[in-house]
Amino acid sequence: MYSNKLGRLMFGLKGLKVTSACGAFERAAARSGFSWAAVCKQRTLWQQRSACARMHQTGVRSAVHTTVDHGEVKRFQLLANKWWDEEGEFAALHAMNDLRVPFVRDNLLNAQRERHPGQPLAGLRILDVGCGGGLLSEPLGRLGATVLGIDPVEDSVRIAQLHAAHDPDLRDRVSYQACTLEELSGEGEPQQQPEQGVTQFDAVVASEVVEHLADLDTFAICCSHVLKPGGSLFITTLNKTNLSYALAIVVAEQLLHIVPRGTHDWEKFISPVELERLLESNGFLVQSVQGMLYNPISGAWSWTNNTEINYALHAVKQDDEAQDGSSPSGGHNEATNS
Amino acid sequence: MHKFTKAPLVLNGLGRCLITEKHLPAVNIIRRGLVCSENRTDSSKTEVYDVIISGGGMVGSAMACSLGMDPNLAGKKILLLEAGHKKVMDRVPDTYSTRVSSISPGSATLLSGIGAWEQITRMRCKPYKRMQVWDACSDALITFDKEDLLDEMAYIVENDIVVAAITRQLDAMPENVQVKYKSKVVKYTWPMPHHAAESIPWVKVTLANGETLQAKLLIGADGPNSMVRQKLGIPTVKWNYDQSAVVAVLHLSEPTENNVAWQRFLPTGPIAMLPLSDTKSSLVWSTSHHLAEELLELDEESFVDAINSAFWSNENQSDLIETAGALFRGALSAIMPSAGSPRQLPPSVAGIGPKSRVMFPLGVGHASEYIRHRVALIGDAAHRVHPLAGQGVNLGFGDVACLTHLLSQAAFNGKDLGAIQHLLEYETERQRHNLPMMTAIDLMKRLYSTNAAPAVLLRTFGLQATNMLPTLKEQIMAYASK
């Protein structure tokens, strides 16, 4: 069912030879003549490396300097056409806008002084990391913010641009770029003058992204570079618990097909505590963490106190002086200096 | 007859409004299908509006005003298209117009929210405190009033005054709210529900003068014969009553406080006298087509006699019914001695106003779906009722309030205004409110259309019993006031 669709997509989009139409995504190496095996091997290598880095928790930056995981890129490339089908593979993400747009909007409004009726986020610059088809960039743009959406998958960015092109309101406010976060923030190197070649954003939104990244340290550092001091970082992702494995992987992917199979890798999930530690060691102060719950029957999300499956996190970038000095959260910030 | 084929459609609508969740499964969304789509890339030349409202009657213009005044929709481009000319009323005319509506407190709240109610009270409106409804075939009657006659039950306002007041408010709106008069729509082009790369995702509206406009959301407020509804192919449960309504302005024999609305159910149809001022009232007489034509041809004196006798004579009552009625009343007063009210007679009529009497046919209609992809129906375009309960325009104003609230919330969440999620919520909420009301009105009409003894006995007893239960009456009034 899903594999057939995928097979057709692959054939249509990439012109690859499809040797067998069946098989789960995890056995992708056997599916076509393309060097899937090599890609998978590379991915496993990166996984091991980043897992090592995290496990040791020495704060030494991992050998990988990129956040991009090429296996993930390939997977999303194949789903590019499905972004704007509200009842299709990304239905749950469309529904999540009911939670994440108010989350971003209200937290940004709290920090603002002026009120603009009709355009609550007017004057703010927001970076949407891993924007995909622009599902979250568009609502934020409609609320008045100037949004830059970036995604390493070029097809997704193309779809996003096409979708926003028809709307005169969005054409001026929402723009997209097919690049990675490191490229945008300037090679991931810390810079003494952040204004040099890097545009400063009031907020960075990384929704359902960190569970697809190869290296979170680099991600946090790059976010810090592109944000103004006092700027907000919004992350929504999944927790690494037994419950999240049961519900998000087994039930959502394999049983109910709410999410395409193979979308999530449980090893990449991160708990709020770990994420908080990671962010605070990179100069952020976590303001709030809130659990989210998906109801597959109604297809709607709701807020909950339980962060065991999905959660949303809001962190604020500390001023530069506080960051370079001794970190109050205790050690491990050798990564800030090259 | 044909009612049985219509029943599944009604049940379909009922079913959907009872079980619909916020996110419908794909099947139902696809069912709402498309009629045709446009595949051109010149979208940059045609102007894209956020909302286009088709139809500038009481409900359509109230919708435009309501959207324009909402703070969350500030800056959104709203356009109202009206085929007629602009209704300006610098000075209220001395003569009353024949078409009036009963505005419920809920509708008055909406109108005061858009600033039109103040204009209306300054121009001309008549509040009434009591309503007496009684049967021609028996002694049964029911009166509705608020406690101690302190509060107003509802208001009688001429339709022209409502439109003029709202038009005045529209004139004062900022430039993002526009009105185009004398613009008749000749064609609608519907978008594909699933966004395809080359096609324009907006609704395209073509006017008679060749202009084309595009809208992210089209609101159809174009009356009971809605072109929007027909072009979408929405199945509509509708039939014509074999009745027409005759309307006129009545001059009363002597000035009176005139704060009571009177309605008497004759076997041929209800006759209602609604207060306009201390000396004038409005007549709405729903009767068979044949009788209505006859009434229009009568000279003034005979017409006035016919009205007075319709309200006053007791010729339709048989002895059986009278005795039975008396028995019921006796039994009920034994259970609830304090309830019940004395029968009053309406003021007598001396003459009619200078504007000629008119008649118009009556029917009922209900669209099984109020919404489609990027389209919503409000007012008579979605539902049409018999005037006997004075609810027609109030249901429409209820639609306006509900849709405005949902669009406001959607805009505050950065949503595309034409997205189906909140349109579905609107449909569910309004169908849940409108369908019971419409069914009740239709049942009443049928029940009172006969003078067969069993029906008369049933409704006599029902009316008397309801009259004796103040809590039930309060519930009815509350539901009708929304």
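Treat the numbers as computed from the prediction; the structure is a model and nothing was measured.

**Q** Describe in detail the UniProt feature "domain: FAD-binding" (unreviewed entry) in chain B, supporting the description with residues and values.
**A** Mapped onto the present numbering, the UniProt feature "domain: FAD-binding" (unreviewed entry) falls at residues 49-319 and 365-433 of chain B. As annotated, residues 365-433 of chain B has a helix share of 51% and a strand share of 14%, and its two end C-alpha atoms lie 15 Å apart.

**Q** Tell me about the sheet that holds strand 3 (residues 100-103) of chain B, and name the residues and values.
**A** All names here are of chain B. The strand order across the open sheet built from three strands is 3-7-4, with neighbouring strands paired in antiparallel fashion. Taken across any chain shown, the strands that pair with only one partner, and hence form the sheet edges, are strand 3 and strand 4 (126-128). Averaged over all pairs of adjacent strands, the angle between their axes in this sheet comes to 25°, without regard to strand direction. Both strand 3 and strand 7 (residues 154-158) contribute to a ladder of four bridges, which runs antiparallel. The partner of Val100 across the bridge, within strand 7, is Glu158. Against the sheet, helix 6 (residues 159-171) contacts strand 3 and strand 7, and its axis sits at roughly 85° relative to strand 7.

**Q** If you had to explain the UniProt feature "binding site: S-adenosyl-L-methionine" (unreviewed entry) in chain A to someone new, which residues and values would you point to?
**A** Residues and elements named next belong to chain A. Under the feature "binding site: S-adenosyl-L-methionine" (unreviewed entry), the UniProt entry names Arg100, Gly130, Asp151 and Ser207. Along the polypeptide, Gly130 turns up in the loop between strand 1 (125-129) and helix 5 (137-142). Apart from the residues lying within four places of it in its own chain, the contact partners of Gly130 are Ile150, Asp151 and Val209. Inspection of the secondary structure assignment puts Ser207 in strand 4 (residues 201-207).

**Q** Describe the UniProt feature "binding site: Mg(2+)" (unreviewed entry) in chain A, with residues and values.
**A** All names here are of chain A. In the numbering used here, UniProt assigns the "binding site: Mg(2+)" (unreviewed entry) feature to Glu208, Glu211 and His212. With respect to the helices and strands, the residue Glu211 is situated in the loop between strand 4 and helix 9 (216-226). Structurally, the position occupied by His212 is in the loop between strand 4 and helix 9. A residue is classified by how much of its surface remains accessible, and His212, at 10% relative accessible area, is buried.

**Q** Account for the packing of helix 11 (residues 392-412) of chain B against helix 12 (residues 420-447) of chain B, with residues named and values stated.
**A** Two quantities define a packed helix pair, namely the angle between the helix axes and the distance between the axes. Residues and elements named next belong to chain B. Where helix 11 meets helix 12, the axes come as close as 9 Å, and the angle between the chain directions of the two elements is 160°. Classified by the interaxial angle, the pair formed by helix 11 and helix 12 is roughly antiparallel. Both helix 11 and helix 12 take part in a crossing whose hand is right-handed. From helix 11, Leu395, Gly398, Asp399, Cys402, Leu403, Leu406, Leu407 and Ala410 reach across to helix 12, where they touch His422, Leu423, Glu425, Tyr426, Glu429, Arg430, His433, Asn434, Met437 and Met438. For the contact of helix 11 with helix 12, the class distribution of residues is ten nonpolar, four polar and four charged.

**Q** For the pattern of salt bridges, give the residues involved together with the corresponding values.
**A** Residue and element names in this part refer to chain B. Applying the stated criterion to the full structure yields 21 salt bridges over all chains. A salt bridge links Lys86 to Asp171, with the shortest nitrogen-to-oxygen separation between them at 2.9 Å. Here Lys86 is found in the loop between strand 2 (78-81) and strand 3, whereas its partner Asp171 is found in helix 6, with 85 residues between them in sequence. Taking the relative accessible area as the measure of exposure, Asp171 reaches 48% and is therefore partly exposed.

**Q** Tell me what's going on with the confidence of the model for chain B, and back it up with residues and numbers.
**A** Residues and elements named next belong to chain B. Looking at chain B, pLDDT values average 85 and 88% of them are 70 or higher. Scored below 50 in pLDDT, residues 1-7 makes five contacts in the model with residues more than four places away or belonging to other chains. Below a pLDDT of 50 lies the segment residues 19-31, which in the model reaches 24 contacts outside its immediate sequence neighbourhood of four places, other chains included. Of the two predicted TM-score estimates for the complex, the pTM is 0.82 and the ipTM is 0.80.

**Q** How would you summarise helix 9 (residues 300-312) of chain B if you had to cite specific residues and measurements?
**A** For helix 9 of chain B, built from 13 residues, the straight-helix expectation of 18 Å at 1.5 Å per residue is met to within 8% by its first-to-last C-alpha distance of 18 Å. Within helix 9 of chain B, the full set of buried residues consists of Phe303, Val304, Ala306, Ile307, Asn308, Ala310 and Phe311 of chain B.

**Q** Can you lay out the packing of aromatic side chains for me, pointing to particular residues and giving the numbers?
**A** Scanning the model with the defined rule gives eleven aromatic pairs over all chains in all. Geometrically, the ring pair formed by Trp83 of chain A and Phe90 of chain A is stacked, given 3.9 Å between the ring centres and 5° between the ring planes. Judged on exposure class, the residue Trp83 of chain A and its partner Phe90 of chain A are both buried. Ring pairing ties together the aromatic residues Phe103, Phe234 and Trp303 of chain A, which thus form one cluster. Its guanidinium or amino end placed over the ring of Tyr49 of chain B, Lys77 of chain B lies 5.4 Å from that ring's centre, counting from NZ or CZ. In this structure, Arg357 of chain B packs its charged tip against the face of Phe303 of chain B, placed 4.4 Å from the ring centre.

Conventions we followed
- Residues numbered from 1 in each chain as written.
- Chains lettered and ligands numbered in written order.
- Predicted model: local features only at pLDDT ≥ 70, side-chain atom pairs only at ≥ 80, totals over all residues.
- Heavy atoms only, no water.
- UniProt positions renumbered as here; feature names shortened; annotations may be inferred.
- Helix = DSSP H or I, 4+ residues; strand = E, 2+ residues; numbered from the N terminus.
- Pairing = 2+ DSSP bridges.
- Axes fitted to C-alpha atoms, helices over the stretch in contact; angles between N-to-C directions.
- Contact = heavy atoms within 4.5 Å.
- Buried < 20%, exposed > 50% of the residue type's maximum accessible area, 1.4 Å probe, protein only.
- Parallel < 35°, antiparallel > 145°, perpendicular 65-115°, else oblique.
- Left-handed = near helix turned anticlockwise from the far one by under 90°.
- Nonpolar A, V, L, I, M, F, W, Y, C, P; charged D, E, K, R; others polar.
- Salt bridge = Lys/Arg side-chain N within 4 Å of Asp/Glu carboxyl O.
- pLDDT = per-residue confidence, 0-100.
- Expected span 1.5 Å × (residues − 1).
- Phe/Tyr/Trp six-rings, centres within 6.5 Å; stacked < 30°, edge-to-face > 60°.
- Lys NZ or Arg CZ within 6 Å of the ring centre and 35° of its normal.

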